[in-house]
Amino acid sequence: MGSTQTVSLYKRRQNSINRAAFTFLLPVIILLLVFIFYPIIDTFIISSYKWNGISASRQHIGFANWGTLIHDGHFWIAFKNNIIIMVLSILIQIPIGIALAVFLDFGGHKFTVYKILWFVPMLMSSVAIGFLFTYALATNNGIISTISNWLGGKNIDLLGNPATALYAIIGVLCWQFTPFYMVYFMAAFSGIPEELFEAAVIDGATRNQYFWKVALPMITNAVKTAAILSMVGSLKYFDLVYVMTGGGPGTSTELMATYMYKLSFKTFNMGYGSAVAGGMFILITLVALSTMRLLKNRQEE
């Protein structure tokens, strides 16, 4: 009898916990359904139509837009540019973020002012940064051209040159987002027990040896997570690139997001623009899953 009552009380308590959990999760589930899952599903539905995005009538064309997308060289150039940004962002942002975090971690409260100054780019709007650097890198009276003139050289057109435009944008993106990884790695370093540093000092380790032999191995998971965050973010950049170059000159800075925007809202080809958005979603998902699987396999080894 007592055992039956215990089981009954356990079930009632479990049901109560489940109801409370569902109640608290319901708003989040509704938001995800309305603002994430529904737009994704609707994007794939619209991609099966020929539609300008305005008129009430639209023509169902099946997978024709997807067939065009597969053979669309413009789209694959945009994807290649996204990959270049992704690789260079990881190679630049994460090492610099770690270096800044180490500098601030070792400096303690004395370097608080640097924390504030270096975090300022993250507080600025991407659109504002885009306009700022558009003028800063301008051919006439821009910072680089002015320095070149001082040294007896000519004006330098970084954003108007197809060979340099993408790399100039990557530099601006890294300037804006590196502070995020700085703060992220500072949090990771703060999770390392202070006793490890004290033990390393007692054993005669220098700060350099402590970083490479103790601290860095301790934040390996944080580095992997940061790489995934940087990778996913790099594949969906839009605002700053669109403000600075609009995807030009030519297709040298065209990204999947800027290409999708132009198709959907400038040429009013909403059906094909949705196909590009769907292709962008699939490629980002595949790259993210492949990277996560690769990192997991290396961790198991």
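Right above here is the structure, for reference.
Everything numeric here is computed off the predicted structure, so don't read it as measured data.

So, how was this worked out
- Position labels on residues start from 1 in each chain and follow its written sequence.
- At least 70 in pLDDT is required for a residue's local features to be given in this predicted model, at least 80 for side-chain atom pairs to be given and counted, and no such filter applies to totals for whole chains, interfaces and linings, which use all residues.
- Excluded from the side-chain calculation are hydrogens and water; included are all heavy atoms of the structure.
- Salt bridge criterion: a side-chain nitrogen from Lys or Arg within 4 Å of a carboxyl oxygen from Asp or Glu.
- To get an axis, fit a line to the C-alpha atoms, keeping to the stretch in contact for a helix; angles then go from 0 to 180 degrees between the N-to-C directions.
- Helix numbering and strand numbering both begin at the N terminus, where a helix is a DSSP run of H or I of at least 4 residues and a strand a DSSP run of E of at least 2.
- Roughly parallel means an angle under 35 degrees; roughly antiparallel, over 145; roughly perpendicular, 65 to 115; everything else is oblique.
- Note: crossing handedness is left-handed where the near helix turns anticlockwise from the far helix by less than a right angle, and right-handed where it turns clockwise.
- Gly falls in the polar group here, along with every residue not listed as nonpolar (Ala, Val, Leu, Ile, Met, Phe, Trp, Tyr, Cys, Pro) or charged (Asp, Glu, Lys, Arg).
- A simple rule labels every residue: compare its accessible area, found with a 1.4 Å probe on the protein chains alone, to the largest value its type can have, and call it buried under 20%, exposed over 50%, or partly exposed in between.
- The contact criterion used is simple: two residues touch if any of their non-hydrogen atoms lie within 4.5 Å.
- A pocket here means an open set of points on a 1 Å grid, computed over the protein atoms alone, that has protein on both sides within 12 Å along at least five of seven lines. A cavity is instead a set of points where a 1.4 Å probe fits but cannot get out; residues with an atom within 4 Å of a point line either one.
- Grid points are joined across faces, edges and corners, and a volume is the space filled by probe spheres set on the points.
- The set of buried Ala, Val, Leu, Ile, Met, Phe, Trp, Tyr and Cys residues whose side-chain atoms join them within 4.5 Å is what this entry labels a nonpolar core.
- Pairing of aromatic side chains requires ring centres within 6.5 Å, counting the rings of Phe and Tyr and the six-membered ring of Trp. Pairs whose planes differ by under 30 degrees are stacked, by over 60 edge-to-face, and all others tilted.
- Ring-over charges, as used throughout, are those where CZ of Arg or NZ of Lys falls within 6 Å of the ring centre and within 35 degrees of the ring normal.

This part takes up the pattern of salt bridges. With the rule as written, the count across this model stands at one salt bridge. A salt bridge links Glu-254 to Lys-262, with the nearest nitrogen and oxygen atoms 3.1 Å apart.

Bringing the packing of helix α3 (residues 73–107) against helix α7 (residues 165–190) into the picture now. Direction vectors running N to C along α3 and α7 enclose 40°, while the axes themselves pass 6 Å from each other. Relative to α7, the element α3 is oriented oblique. Read as a crossing pair, α3 and α7 show a hand that is right-handed. Partitioning the contact of α3 with α7 into residue classes produces 22 nonpolar, five polar and one charged.

Turning next to the environment of Lys-266. The topology assignment puts Lys-266 in the loop between α12 (256–265) and α13 (270–300). Lys-266 gets classed as exposed once you look at its relative accessible area, which sits at 51%. Setting aside its immediate chain neighbours within four residues, Lys-266 contacts Tyr-242 and Tyr-261.

Applying the stated rule across the entire model yields one cavity of 30 Å³ or more. Taken as a whole, the largest cavity encloses approximately 50 Å³ of empty space. If you trace the largest cavity, you find it lined by Val-102, Asp-105, Phe-106, Phe-189, Ile-192, Tyr-210, Phe-211 and Ala-215. Sorting the residues of the lining of the largest cavity by element identifies α3 and α9 (207–218) as the ones contributing at least two each. Taken together, the residues that form the lining of the largest cavity break down as seven nonpolar, no polar and one charged.

Okay, the side chain of Ser-48 next. Mapped onto the fold, Ser-48 is located in the loop between α1 (2–46) and β1 (49–50). If sequence neighbours within four positions are ignored, Ser-48 has contacts with Gln-59, His-60, Ile-61 and Gly-62.

The calculated volume of the largest pocket comes to roughly 450 Å³. Taken together, 19 residues line the largest pocket, and the ones lying closest to its centre are Ile-40, Ala-277, Met-280, Phe-281 and Ile-284. Every element with two or more residues in the lining of the largest pocket is listed here: α1, α12 and α13. Looking at the lining of the largest pocket element by element, the count peaks at seven residues for α13. The residue inventory of the lining of the largest pocket, partitioned by class, reads 15 nonpolar, three polar and one charged. The space that makes up the second largest pocket amounts to roughly 250 Å³. Taken together, Asp-105, Phe-106, Phe-189, Ser-190, Ile-192, Pro-193, Glu-194, Phe-197, Arg-207 and Tyr-210 make up the lining of the second largest pocket.

For the rest of this paragraph, the subject is the nonpolar core. Within the largest apolar cluster, 20 residues are counted, with the highest numbers of intra-cluster contacts made by Leu-69, Phe-75, Met-256, Tyr-259, Tyr-272 and Val-276. Only α2 (64–70), α3, α12 and α13 provide two or more residues apiece to this core. With eight residues, the single largest contributor to this core is α13. For Val-276, the residues in contact, after removing those within four places along its chain, are Leu-69, Phe-75, Met-256, Tyr-259, Met-260 and Leu-263. With 18 residues, the next largest nonpolar core counts Ala-136, Leu-159, Leu-166 and Tyr-237 among its residues.

By the element assignment, Thr-178 lies in helix α7. By relative accessible area, Thr-178 is classed as buried at 6%. For Thr-178, the residues in contact, after removing those within four places along its chain, are Gln-93, Ile-96, Gly-97 and Leu-100.

With that settled, consider unusual backbone geometry. The omega torsion of the bond from Gly-248 to Pro-249 falls at -5°, within 30 degrees of zero and hence cis. Here Pro-249 shows up in the loop between α11 (239–244) and α12. The phi dihedral of Asn-141 falls on the positive side, at around 70°, and the residue is not glycine. Its place among the elements puts Asn-141 in the loop between α5 (126–136) and α6 (143–150). Backbone geometry places Phe-268, a non-glycine residue, at a positive phi of 55°. Overall, Phe-268 belongs to the partly exposed group, its relative accessible area being 41%.

Inspection of every chain in the model, using the stated rule, returns 21 aromatic pairs. Between Trp-76 and Phe-79, the ring centres sit 5.9 Å apart and the planes meet at 85°, which makes this aromatic pair edge-to-face. With Trp-76 and Phe-79 both in helix α3 and three residues apart, this pair spans about one turn of that helix. In this structure Phe-79 comes out as buried when scored by relative accessible area, which is 17%. In textbook terms, an aromatic cluster arises when at least three aromatic residues are bridged by ring pairs, as seen for Phe-103, Phe-111, Tyr-114 and Trp-118. The aromatic ring of Tyr-49 is capped on one face by Arg-58, whose charged end is 4.4 Å from the ring centroid. Lying across the ring of Trp-51, Arg-58 places its NZ or CZ 5.2 Å from the centre.

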